[in-house]
Amino acid sequence: MLRTIGLMSGTSLDGVDAAWVETDGERIGRLGPRLTLPYDPALRRDLRALLDAAPGLGGDEPELADCVRRLTERHAEAVAALGEPADLIGFHGQTILHRPAERRTWQIGDAALLARLTGMPVAFDFRSADVAAGGQGAPLVPVVHAALAEALPKPLAVLNLGGVANVTWIGEDGALLAFDTGPANGPLDDWAQRRAGRPFDRDGALAAAGRPDGAVLARLLGHPYLAAPPPKSLDRLDFHRALGAAGIEHLSAEDGAATLVAFCAVCVAAAARHLPAPPRQWLVTGGGRRNPALMRALAGALAEPVRPVEVAGWDGDALEAQAFGVLAARVARGLPLTFPGTTGAPRPLPGGRIQPPPGR
Ligand SMILES: Nc1ncnc2c1ncn2[C@@H]1O[C@H](COP(=O)(O)OP(=O)(O)OP(=O)(O)O)[C@@H](O)[C@H]1O
Ligand SMILES: CC(=O)N[C@H]1[C@@H]2OC[C@@H](O2)[C@@H](O)[C@@H]1O[C@H](C)C(=O)O
């Protein structure tokens, strides 16, 4: 077993999650401490601007390099704050662009700098081999969900409510199907910031005070992503234009938030129709499980029970970071990261690279 530290900077841009995991990439041993280091408002703002700018960036712009350095230094601070020795770091970086159809996916972060600052080897670049082979490059965590869920009754659905939402379905025989369902906190956070001056809709307060707009929802329901069969994955901004065209901007802050919450749930219900068999339950992870308006909307939209992953003894705030520790061990052992059922990879595919620290 390797002692790993997984580091994930998700599409919500709220900060870096770090978690210590003992693992051989297939089995998960001891789970150690975890923490989240938030980004300061300036870094958050600069990262958000990079999402908009990414399609036009070449890669050598000084403002990009500055952002990459600050992001990487914050990751090194997270490793230091964990205060646990490790054999390997799993460094996802920050996705600023994801266009698998163009065989492009871009995670920023400086693995050489992180290896130097921490003195540890760093596994990174988890998505590009899959995208180069024609896969979606996402989601990557399903293989870890499957390892964690070994003893749970199947079929099982694990739903991650991050900036984008993704589902992992695990069949009775261990079969895996996983894909992004649609937008989740990303558009909600943007909306709360723009219309209410809040970084996110804490406890779903805005959404709970509003009503979903039927006409806007009906227009969004026609989006081709919902009916498209998996494999499929999303860029954080993929629904940006569709939301504007559906007329969301004409709604009040409350009704807009309620509509975005309802749309997230509608997307998950649409995803359920692509599953080979109904799951016994939906285990929900990611920050969105803390939004009671979203959890109520999901319970209303899905036929099966919807519960936070904590009912299974998992830690929904640590799961993605833990997963990148496990995936790092898989990189080190050359095990596949992606599969036909998760990203549409042509066959189980290894991926990732390892940056040793200086002098090793
Ligand atoms: N108390 C709360 N009430 C409402 N929403 C919350 C609450 N706590 C967290 N969130 C939401 O969860 C988001 C963070 O979720 P999470 O950390 O899972 O995202 P991420 O890791 O960036 O995403 P991804 O899975 O897309 O990589 C916040 O931006 C916010 O929208
Ligand atoms: C390209 C990219 O970074 N995608 C993220 C994003 O955030 C949630 C969803 O969209 C998921 O597909 C993926 O992250 C998780 C960690 C994954 O790959 O499993």
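Residues numbered from 1 in each chain as written. Chains lettered and ligands numbered in written order. Predicted model: local features only at pLDDT ≥ 70, side-chain atom pairs only at ≥ 80, totals over all residues.

The protein goes by Anhydro-N-acetylmuramic acid kinase in an unreviewed UniProt entry, where it is assigned to Caldovatus sediminis. Per its UniProt entry, the protein bears the Function (unreviewed entry) comment "Catalyzes the specific phosphorylation of 1,6-anhydro-N-acetylmuramic acid (anhMurNAc) with the simultaneous cleavage of the 1,6-anhydro ring, generating MurNAc-6-P. Is required for the utilization of anhMurNAc either imported from the medium or derived from its own cell wall murein, and thus plays a role in cell wall recycling." In the Sequence similarities (unreviewed entry) part of its UniProt record, the protein is described as follows: "Belongs to the anhydro-N-acetylmuramic acid kinase family." (UniProt positions renumbered as here; feature names shortened; annotations may be inferred.)

J.: Looking at this structure, I do not really get the site of ligand 1. What am I missing?
T.: Around ligand 1 lies a shell of 22 residues, among which G10, S12, G162, N185 and G287 are the nearest. A per-class count over the shell around ligand 1 returns 3 nonpolar, 12 polar and 7 charged. Domain assignment of the residues forming the shell around ligand 1 places at least three in each of domain 1 (2–138 + 325–355) and domain 2 (142–312). (Near = placed C-beta within 6 Å. Nonpolar A, V, L, I, M, F, W, Y, C, P; charged D, E, K, R; others polar. Domains from an automatic or database assignment.)

J.: How should the nonpolar core be read in this particular structure?
T.: Looking at soluble globular proteins, one finds that nonpolar side chains tend to be buried together. In this structure, L7, I89, V261, C264, V268 and L327 are the most contacted members of the largest nonpolar core, which totals 95 residues. Counting residues per element, this core draws most heavily on helix 11 (residues 253–272), which supplies 13 residues. When residues of this core are assigned to domains, at least three map to each of domain 1 (2–138 + 325–355) and domain 2 (142–312). Aside from chain neighbours lying at most four places away, what touches V268 is L159, A165, T181, L298, A301 and L302. Of all hydrophobic cores here, the second largest spans 7 residues; its members include L50, A54, L71 and L237. (Core = buried A, V, L, I, M, F, W, Y, C linked by C-beta atoms within 7 Å. Buried ≥ 20, exposed ≤ 12 C-beta atoms within 10 Å, placed from the backbone. Helix = DSSP H or I, 4+ residues; strand = E, 2+ residues; numbered from the N terminus. Contact = placed C-beta atoms within 7 Å.)

J.: What should I look at first to understand the sheet that holds strand 10 (residues 282–285) in this one?
T.: Strand pairing in a sheet relies on backbone hydrogen bonds, with the paired strands running either antiparallel or parallel. Ordered by their spatial adjacency, 5 strands build an open sheet running 9-8-7-10-11, and the pairing between neighbours is mixed. Looking at which strands have only one partner, the edges of the open sheet turn out to be strand 9 (176–183) and strand 11 (306–308). The mean inter-strand angle of the sheet, taken between neighbouring strand axes irrespective of direction, is 25°. Note that strand 7 (residues 156–161) and strand 10 share 4 bridges and pair parallel. Bridged to N160 within strand 10 is T285. (Pairing = 2+ DSSP bridges. Axes fitted to C-alpha atoms, helices over the stretch in contact; angles between N-to-C directions.)

J.: Explanation requested: the packing of helix 6 (residues 185–196) against helix 11 in the structure shown.
T.: If you want to describe how two helices pack, look at the angle between their axes and the distance between the axes. As a packed pair, helix 6 and helix 11 sit with axes 10 Å apart at the nearest point and diverge in direction by 180°. Between helix 6 and helix 11, the interaxial angle falls into the category roughly antiparallel. On the side of helix 6, the interface is formed by P187, L188, W191, A192, R195 and A196, while helix 11 contributes A253, G256, A257, L260 and V261. (Parallel < 35°, antiparallel > 145°, perpendicular 65-115°, else oblique.)

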